[in-house]
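Examining the three-dimensional arrangement
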Amino acid sequence: MIVIKRKKFANQASELLQVNVSINDARQLIASYVSLAQLYQLFDDTGTTLELVNHALELCRHNETLFLLDEVYLKLANCYFAMGQVETAKANWQIAASVATINEHTDLAEQIKQQLLKLN
């Protein structure tokens with residue numbers, strides 16, 4: 001019952017993001033999409049997670065920002081891995097690690113590199 005309520009709340013939050021896109025600032029939207037994607041990842045809802053992460057990626061590209069881009073690619077990689085697309089997942093993990101290094105998120109970069117080493 002609690003999971004159903006959480007998923008309903010997450011669905012409502014996703015719908016609100018779609019309605020208020022023009023009102024919100026790009027960084028807030030990116031952060032919101034990444035947070036919601038993380039929530040849907042906990043629900044093992046890969047399809048919705050992938051959709052939300054792709055919205056965040058589009059915003060990063062459109063606004064030419066590196067803000068949370070490492071997290072976006074990490075979540076993309078996790079989605080592709082969950083779908084059995086290991087090579088695509090590895091490519092996205094490598095991008096995530098590179099962007100994390102650029103953004104000086106050394107802990108995240110190291111975590112991703114360790115994950116890649118386990119797969120090889």
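Structural notes, computed from the coordinates. Just so it is clear, the structure is predicted and the values come from calculations on it, not from any experiment. (Residues numbered from 1 in each chain as written. Predicted model: local features only at pLDDT ≥ 70, side-chain atom pairs only at ≥ 80, totals over all residues. Heavy atoms only, no water.)

1. Digging into the packing of helix H4 (residues 69-82) against helix H6 (residues 106-119)
Their axes nearest at 11 Å, the elements H4 and H6 cross at an angle of 20°. Classified by the angle between their axes, H4 and H6 sit roughly parallel to one another. Between H4 and H6 the crossing geometry is left-handed. Between H4 and H6, the contacting residues are Asp 70, Glu 71, Leu 74, Asn 78 and Phe 81 on the first element and Leu 108, Ile 112, Gln 115 and Leu 119 on the second. (Axes fitted to C-alpha atoms, helices over the stretch in contact; angles between N-to-C directions. Helix = DSSP H or I, 4+ residues; strand = E, 2+ residues; numbered from the N terminus. Parallel < 35°, antiparallel > 145°, perpendicular 65-115°, else oblique. Left-handed = near helix turned anticlockwise from the far one by under 90°. Contact = heavy atoms within 4.5 Å.)

2. Some details on the packing of helix H2 (residues 26-42) against helix H3 (residues 46-62)
Viewed as axis vectors pointing N to C, H2 and H3 meet at an angle of 160°, and their least axial separation amounts to 8 Å. When the axes of H2 and H3 are compared, the pair comes out roughly antiparallel. Two packed elements cross with a definite hand, and for H2 against H3 that hand is left-handed. For the pair H2 and H3, the contacting residues are Leu 29, Ile 30, Tyr 33, Val 34, Leu 36, Ala 37, Tyr 40 and Gln 41 in the first and Thr 48, Thr 49, Leu 52, Val 53, His 55, Ala 56, Leu 59 and Cys 60 in the second. The class makeup of the residues in the contact of H2 with H3 is twelve nonpolar, four polar and no charged. (Nonpolar A, V, L, I, M, F, W, Y, C, P; charged D, E, K, R; others polar.)

3. Considerations on the environment of Asn 78
With respect to the secondary-structure elements, Asn 78 resides in helix H4. With ten residues separating them in the primary sequence, Asn 78 and Thr 88 have C-alpha atoms 9.9 Å apart. When residues no more than four places from it in sequence are discounted, the contact partners of Asn 78 are Gln 41, Trp 93 and Gln 115. A polar atom in the side chain of Asn 78 sits 3.2 Å from the side chain of Trp 93. (Polar contact = N/O pair within 3.5 Å; in protein donor to acceptor, adjacent residues only side chain to side chain.)

4. Some words on the pattern of salt bridges
Scanning all chains against the criterion turns up two salt bridges. The residue Glu 71 makes a salt bridge to Lys 75 at a minimum N-O spacing of 3.6 Å. One end of the pair, Glu 71, and the other, Lys 75, are both in helix H4, four residues apart, so they sit about a helical turn from each other. Relative accessible area serves as the criterion here: at 24%, Glu 71 is assigned to the partly exposed category. (Salt bridge = Lys/Arg side-chain N within 4 Å of Asp/Glu carboxyl O. Buried < 20%, exposed > 50% of the residue type's maximum accessible area, 1.4 Å probe, protein only.)

5. Section: the packing of aromatic side chains
Tallied over the entire structure, the rule returns two aromatic pairs. With a centroid separation of 5.8 Å and 85° between ring planes, the pair formed by Tyr 40 and Phe 43 is classed as edge-to-face. Grouping residues by exposure puts Tyr 40 and Phe 43 together as buried. Aromatic pair Phe 81 and Trp 93: ring centres 5.5 Å apart, planes at 50°, arrangement tilted. Of the two residues, Phe 81 is situated in helix H4 and Trp 93 in helix H5 (residues 86-102); the sequence distance between them amounts to twelve residues. (Phe/Tyr/Trp six-rings, centres within 6.5 Å; stacked < 30°, edge-to-face > 60°.)

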